[in-house]
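Take a look at the letters that make up each chain.
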Amino acid sequence: MRRVVGLSTELEDVTEVEYRQLRLERVVLVGVWTTGTARDAENSLAELAALAETAGAVVLDGVIQRRDKPDAATYIGSGKADELRDIVLDSGADTVICDGELSPGQLIHLEDIVKVKVIDRTALILDIFAQHAKSREGKAQVALAQMQYMLPRLRGWGQSLSRQMGGGSGGLATRGPGETKIETDRRRIREKMAKMRREIADMKTGREIKRQERRRNKVPSVAIAGYTNAGKSSLLNRLTGAGVLVENALFATLDPTVRRAETPSGRLYTLADTVGFVRHLPHHLVEAFRSTMEEVGDSDLILHVVDGSHPDPEEQLAAVREVIRDVGATDVPEIVVINKADAADPLVLQRLLRVEKHSIAVSARTGRGIAELLALIDNELPRPSVEIEALVPYTHGKLVARAHTEGEVISEEHTAEGTLLKARVHEELAADLAPYTPAAAL
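Residues numbered from 1 in each chain as written. Predicted model: local features only at pLDDT ≥ 70, side-chain atom pairs only at ≥ 80, totals over all residues. Heavy atoms only, no water.

An unreviewed UniProt entry lists the protein under the name GTPase HflX, from Streptomyces anandii. If you open the UniProt record of the protein and go to Function (unreviewed entry), you find "GTPase that associates with the 50S ribosomal subunit and may have a role during protein synthesis or ribosome biogenesis." The record in UniProt for the protein states the following under Sequence similarities (unreviewed entry): "Belongs to the TRAFAC class OBG-HflX-like GTPase superfamily. HflX GTPase family." (UniProt positions renumbered as here; feature names shortened; annotations may be inferred.)

In structure tokens, the structure reads:
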């Protein structure tokens, strides 16, 4: 077992404990290094430590084992499991967190050896989502993901495996062995999952109606996607003044936020802040949050935010693109926004700007590069297809207002007869303006 130094978050000053309302769980992290370099394995465990701290735990120690593949029975092998038990006893930990998704059998066998609670990366991320979900839809999506994860991992002890009376009326003539308690629990969970799916589908309909309204009004949409804690909410606040919660924590904001914004040329568009991604994002969450992530697939442009100060930003880019592929948004144009440029290594910034051809370096905190980003968004958003010149009577001022909101006004002049308008508009508005064009006057 190879120890990873610098992961401990245990409080040295005992007076700090007074600020914590609850006793934090004391955890030991364990990872299996199968591919890549030692630094990659340590970065993955450091991210697990950040997840554990976000969930409200104190990290006491972290170890990595080099293996070709995780052990089928105990994840790290029986001998290393005994070593892990000694580390848990020495440190006084009450939980072990594994950097991977464990099968039900691996969880049971590892717990039997180390004698403390064992959870995996998936359960940890689900717990963080459960803490941070605020909206009704967010809570329903997290609950569905948790039940999907829990269903194959239900365990029964003693009375939980006893049979309930089945068949008949419950008297002497009762027939059949009936259900065990664990079978009843599974059936109830499946019923709850079916109910949650129906509720999420109903909420999806409401969001789809809003999306159709934006499409009908020809308002372009931009989705902000990226790794958790890359600064997506900070960027949304900087671009629109949305006032969304900003916190230096993983998955601080889960509920999607849509805000209206305006390009430097005066074109309106919407900005949607989506849930953050992470390496090995549990597939239960991807499925549960699919309806929310559709905001990315239906957008006209993706702002892919990456943390320029992170030790391995390329890994972040790859992880996010994997999820974007999963939700079917690979055809949407993408701008890579390298955030936290004020704290990033200049050599790393140069490397990213060279490798990512369609990228820009910004700092949402200081405002560096924001004006250039707005100009780039203006240039990349789809433009109306028809250029038209019309003299619109003052009695039809609504058409001029629509040209401002739905199209791109090139010039506007107020004359005695009406508003002389030159603009790029979509075909529907062009047809409404056609009676007021010079050709129509002839």
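Here the focus is the sheet that holds strand β13 (residues 408-414). Across the sheet, which stays open at both edges, the three strands sit in the order β12-β14-β13 with antiparallel pairing between neighbours. This sheet does not close on itself; its edge strands, each paired only once, are β12 (386-392) and β13. Recorded for the sheet is a direction-independent mean angle of 10° between the axes of neighbouring strands. Where β12 lies against strand β14 (residues 419-425), seven bridges are found, and the strand directions are antiparallel. Bridged to Ile388 within β14 is Ala423. In this fold helix α13 (residues 397-406) packs onto β12, β13 and β14, with an angle of close to 145° to the strand it touches most, β13. (Pairing = 2+ DSSP bridges. Helix = DSSP H or I, 4+ residues; strand = E, 2+ residues; numbered from the N terminus. Axes fitted to C-alpha atoms, helices over the stretch in contact; angles between N-to-C directions. Contact = heavy atoms within 4.5 Å.)

This part takes up the pairing of β13. Of the strand pairs in this sheet, β13 and β14 are connected by six bridges, and their pairing is antiparallel. Residue Glu413 lies in a different strand from β14, and its bridge partner there is Leu420. Following β13, the chain reverses through four residues before pairing antiparallel with β14; Gly418 in that reversal takes a positive phi of roughly 160°.

Moving on, we come to the sheet that holds strand β7 (residues 257-262). On the basis of which strands lie adjacent, the open sheet formed by six strands has the order β7-β8-β6-β9-β10-β11 and mixed pairing. The open sheet has two free edges, formed respectively by β7 and β11 (359-361), since each of these has just one partner strand. Recorded for the sheet is a direction-independent mean angle of 25° between the axes of neighbouring strands. Of the strands in this sheet, β6 (221-226), β7, β8 (268-273), β9 (301-307) and β10 (334-339) are in contact with helix α7 (residues 232-240), which crosses β8 at around 160°. The strands that helix α10 (residues 313-326) touches are β6, β9 and β10; relative to β9, the one it contacts most, it runs at about 145°.

Taken as a whole and assessed by the stated rule, the structure comprises zero aromatic pairs. Taking NZ or CZ as reference, Arg66 lies 4.6 Å from the ring centre of Trp33, over its face. (Phe/Tyr/Trp six-rings, centres within 6.5 Å; stacked < 30°, edge-to-face > 60°. Lys NZ or Arg CZ within 6 Å of the ring centre and 35° of its normal.)

Looking now at helix α4 (residues 121-132). Between its terminal C-alpha atoms α4 stretches 17 Å, which fits the 16 Å expected from 12 residues at 1.5 Å a residue. In terms of residue burial, α4 counts as a mostly covered element, since nine of its 12 residues are buried. Within α4, burial applies to Arg121, Thr122, Ala123, Leu124, Ile125, Leu126, Ile128, Phe129 and His132. Contacts made by the buried residues of α4 are with α1 (38-55), β4 (95-98), β5 (117-120), α5 (136-150) and α8 (283-288). (Expected span 1.5 Å × (residues − 1). Buried < 20%, exposed > 50% of the residue type's maximum accessible area, 1.4 Å probe, protein only.)

In contact at an axis separation of 8 Å, helix α2 (residues 78-91) and helix α3 (residues 104-114) are set at 50° when each is read in the N-to-C sense. One finds that α2 runs oblique with respect to α3. When you trace α2 past α3, the crossing you get is right-handed. Residues Ala81, Asp82, Leu84 and Arg85 of α2 pack against Leu110, Ile113 and Val114 of α3. Here the contact of α2 with α3 is built from residues that sort into five nonpolar, no polar and two charged. (Parallel < 35°, antiparallel > 145°, perpendicular 65-115°, else oblique. Left-handed = near helix turned anticlockwise from the far one by under 90°. Nonpolar A, V, L, I, M, F, W, Y, C, P; charged D, E, K, R; others polar.)

Moving on, we come to α13. Among all positions in α13, only Leu399, Val400, Ala403 and Glu406 are buried. One side of α13 carries all its buried residues, which in axial view fall inside an arc of 150°. Buried-residue contacts for α13 involve β12, β13, β14 and α14 (427-433). (Arc of directions from axis to C-beta.)

Core analysis: the biggest nonpolar cluster contains 104 residues, and Leu235 and Leu303 have the highest contact counts within it. Of all the elements, α1 adds the most residues to this core, at eight residues. Among residues more than four places away in sequence, those in contact with Leu235 are Leu303, Val305, Val337, Val362, Ala364, Ile370 and Leu373. Judged by nonpolar contacts, the second largest core, of 12 residues, contains Ala403, Val425, Leu429 and Ala430. (Core = buried A, V, L, I, M, F, W, Y, C linked by side-chain atoms within 4.5 Å.)

Let us now look at the side chain of Thr437. Secondary-structure assignment places Thr437 in the loop between α14 and α15 (438-441). Residue classification places Thr437 among the buried residues on the basis of a relative accessible area of 12%. At 2.8 Å, the side chain of Thr437 forms a polar contact with the backbone oxygen of Ala434. Here Thr437 is in contact with Ile388, Glu389 and Ala390, once residues within four sequence places are set aside. (Polar contact = N/O pair within 3.5 Å; in protein donor to acceptor, adjacent residues only side chain to side chain.)

β8 sits mainly inside the fold: six of its six residues count as buried. Of the two faces of β8, the one holding Leu268, Thr270 and Ala272 and the one holding Tyr269, Leu271 and Asp273 are both buried throughout. Pairing geometry for β6 and β8, over four bridges, is parallel. Note that in β8 the partner of Ile224 across the bridge is Asp273. As defined by bridge partners, β7 adjoins β8 across six bridges and the pair is classed as antiparallel. Residue Arg259 lies in a different strand from β8, and its bridge partner there is Leu271. Counting the residues between successive antiparallel strands, the hairpin from β7 to β8 contains five residues, one of them, Gly266, with a positive phi of roughly 95°.

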